[in-house]
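Overview (structure and organization)
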Amino acid sequence: DTTSPSCGGSWSRTLAEKSIVEAINEALFVELERDASVMVMGEDVGRAGCVFRATTGLRDRFGADRCVDTPLAEAGILGTAVGLCMAGWRPVCEMQYDAFSYPCLEQLITHVGRYRWRTGGTMEFPLVVRMPYGGGVRAPELHDDSPEAYYVHTPGVKVAIPSTPADAKGLLAAAIRDPDPVVIFEPKLHYRTIKGDVPEGDYVVPLGKARLAREGSDLTIVAYGSMVPLAERAAAALAGEASVEVLDIRTLKPLDEEVLLASAAKTGKVVIVQEAPRTCGYAAELAAILAEKAILDLHGPVLRVTGYDVPYPYWQLEDAYMPSVARVVDAARRLLEF
């Protein structure tokens, strides 16, 4: 048993060690059991339990009407979910892979993100889109992208990216219960490579709250999703040289600016790590916020370690494309010496 700081509570919780994909599966079970209006839909989510088995067992427990195998048509999945949401359902849509979601962007931008505004605030739109994202798994083209910037840039849509099993469960639960549309990106590289203690039963991690993954005093590394474990390894590699703080953003929108600015004020030096291409990436937004609101606290430039402005390469080159511990350590050392 342990206290749950993510929820701000003081009660004890029974914990079980789970992988990220197991935590997601448990969150879906809990939420479908808790609320009869919640349903899951997507390609292969029913009989097969989805490609990564995140929806295993849902169809057997809740039936084919609440765990729906759809055609291979992402625009159709999200378009159908729009109608279901308007009819009182809380649909959870799975996009099988990150780049497979691009055909549904038209529905998301022109409808999903606008309905609360379009109805003058009279209609809630509790729709969730979840998808595996990112590289490092030796997958073919269109299976490795990090498209979070497209979604964060869309008004009316919230975006979260967990990096731990507990947050994978808690953030998904929060997204399903939220009155607004939420997109959840799941780091497929760590679906089964990271395990951690996850509170059993009903568990929610509030959207809009960052997590301090590691405390430090000399430099802050800001990351999210699959880049958080990388940032922690970089901080460990620098342990003999500097005290490095690691801040896990968790929710990209709404952003926890208070914690971001507090960490920048504490250390005075910030490195931001993202897997996505560099230009107009989310790291640029974080850097802009720091420049606008923390400039007098900074003792050097805000540095970014990112992917490159090229399509995600074939697997023979992906290690050169993705941010690495060495690249993060190099940026941190340059900033520490500034």
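Computed from a prediction, not measured in an experiment: that's the story for all the values here. (Residues numbered from 1 in each chain as written. Predicted model: local features only at pLDDT ≥ 70, side-chain atom pairs only at ≥ 80, totals over all residues. Heavy atoms only, no water.)

**Comments concerning the overall build of the chain**
If you tally the helices and strands in the chain, you get 12 helices and 16 strands. On C-alpha atoms alone, the chain measures out to a radius of gyration of 20 Å, which is about the 20 Å that the 2.2 N^0.38 rule sets for 338 residues. The 338 residues of the chain split such that 56% are buried. In the structure as shown, the chain presents an accessible area of about 13700 Å², 54% of it carried by carbon and sulfur atoms. Each charge class in the chain can be summarised by its mean position, and for the 34 positive and 46 negative side chains these summaries are 1 Å apart. (Helix = DSSP H or I, 4+ residues; strand = E, 2+ residues; numbered from the N terminus. Rg over C-alpha atoms; globule rule 2.2 N^0.38 Å. Buried < 20%, exposed > 50% of the residue type's maximum accessible area, 1.4 Å probe, protein only. Areas by Shrake-Rupley, 256 points an atom, 1.4 Å probe, with all protein chains shown as cover. Lys, Arg positive; Asp, Glu negative; His and termini not counted. Charge placed at Lys NZ, Arg CZ, Asp CG, Glu CD.)

**Description of unusual backbone geometry**
Comment: phi is negative for the bulk of residues other than glycine, and the bulk of peptide bonds are trans. The omega angle of the peptide bond from Lys-253 to Pro-254 is 5°, so this bond is cis rather than trans. One non-glycine residue, Asp-44, lies in positive phi territory at about 70°. Note on Asp-44: relative accessible area 36%, which makes it partly exposed.

**So, the pairing of strand S15 (residues 270-273)**
Covered by surrounding structure in S15 are Val-270 and Ile-272 together with Val-271 and Val-273, the residues of both alternating faces. Pairing of strand S12 (residues 219-223) with S15 involves three bridges; the strand directions are parallel. Considered in S15, the bridge of Ile-221 is made with Val-271. Inspection of the sheet shows S15 paired to strand S16 (residues 303-305) by three bridges, in the parallel sense. Across the sheet, Val-273 pairs through a bridge with Val-305, a residue of S16. (Pairing = 2+ DSSP bridges.)

**Overview of helix H8 (residues 227-237)**
For H8, the full list of buried residues reads Met-227, Val-228, Pro-229, Leu-230, Ala-231, Ala-234 and Ala-235. Elements that come into contact with the buried residues of H8 comprise strand S11 (211-214), S12, strand S13 (244-248), S15 and helix H12 (325-336). (Contact = heavy atoms within 4.5 Å.)

**Some points on the packing of aromatic side chains**
For the coordinates displayed, the defined rule picks out 11 aromatic pairs. Measuring from centroid to centroid gives 5.3 Å for Tyr-97 and Phe-100, while their planes differ by 65°, and the two rings are edge-to-face. Members of the aromatic cluster, joined through ring pairs, are Phe-52, Tyr-97, Phe-100 and Tyr-191. Lying across the ring of Tyr-115, Arg-118 places its NZ or CZ 4.8 Å from the centre. (Phe/Tyr/Trp six-rings, centres within 6.5 Å; stacked < 30°, edge-to-face > 60°. Lys NZ or Arg CZ within 6 Å of the ring centre and 35° of its normal.)

**A word on the sheet that holds S12**
The mixed open sheet is built from five strands, whose spatial order is S11-S13-S12-S15-S16. Because the sheet does not close on itself, it has two edges, and the strands there are S11 and S16. Direction aside, neighbouring strands of the sheet carry axes that sit 25° apart on average. Here helix H9 (residues 257-267) sits on the sheet and contacts S12, S13 and S15; the angle it forms with S13, its principal contact strand, is near 170°. (Axes fitted to C-alpha atoms, helices over the stretch in contact; angles between N-to-C directions.)

**Focus on the sheet that holds strand S9 (residues 182-187)**
The seven strands lie next to each other as S5-S4-S6-S7-S9-S8-S14, forming an open sheet whose pairing is mixed. Among the strands making up the open sheet, the edge pair consists of strand S5 (67-69) and strand S14 (251-253). Direction aside, the axes of adjacent strands within the sheet are offset by 20° on average. In this structure, strand S8 (residues 158-160) lies alongside S14, joined through two bridges in antiparallel fashion. When the sheet's bridge partners are listed, Ala-160 is paired in S14 with Thr-251.

**Topic: the nonpolar core**
Counting residues in each nonpolar core, the largest one holds 46 residues, and the members touching the most others are Leu-78, Tyr-151 and Val-183. Discounting chain neighbours no more than four positions away, the residues touching Leu-78 are Cys-93, Met-95, Cys-104, Gln-107, Leu-108, Val-112, Leu-127 and Val-129. (Core = buried A, V, L, I, M, F, W, Y, C linked by side-chain atoms within 4.5 Å.)

**Let's talk about the side chain of Thr-220**
Within the secondary structure, Thr-220 sits in strand S12. Contact partners of Thr-220, with chain neighbours within four places excluded, come to Glu-245, Leu-247, Ser-263, Ala-264, Thr-267, Lys-269, Val-270 and Val-271.

**So, the pairing of strand S4 (residues 38-42)**
Looking along a regular strand, one sees the side chains alternate between the two faces of the sheet. The buried count for S4 comes to five of five residues, which makes it a mostly enclosed element. Residues Val-38, Val-40 and Gly-42 of S4 are buried on one face, and the alternating residues Met-39 and Met-41, pointing to the opposite face, are buried as well. Note: S4 against strand S6 (residues 90-94), five bridges, orientation parallel. By the bridge assignment for S6, Val-38 is matched with Arg-90. Relative to S5, S4 runs parallel, the two being bridged by three bridges. For Met-41, the partnering residue across the bridge sits in S5 and is Val-68.

**Considerations on the pattern of salt bridges**
Counted under the stated rule, the structure contains 21 salt bridges. Across the pair Arg-34 and Glu-31 runs a salt bridge whose closest N-O atoms are separated by 3.0 Å. Taken together, the residues span about one helical turn, with Arg-34 and Glu-31 both in helix H1 (residues 20-34) at a distance of three residues. A relative accessible area of 1% places Glu-31 in the buried class. (Salt bridge = Lys/Arg side-chain N within 4 Å of Asp/Glu carboxyl O.)

All we've got here are geometric facts, nothing functional implied.
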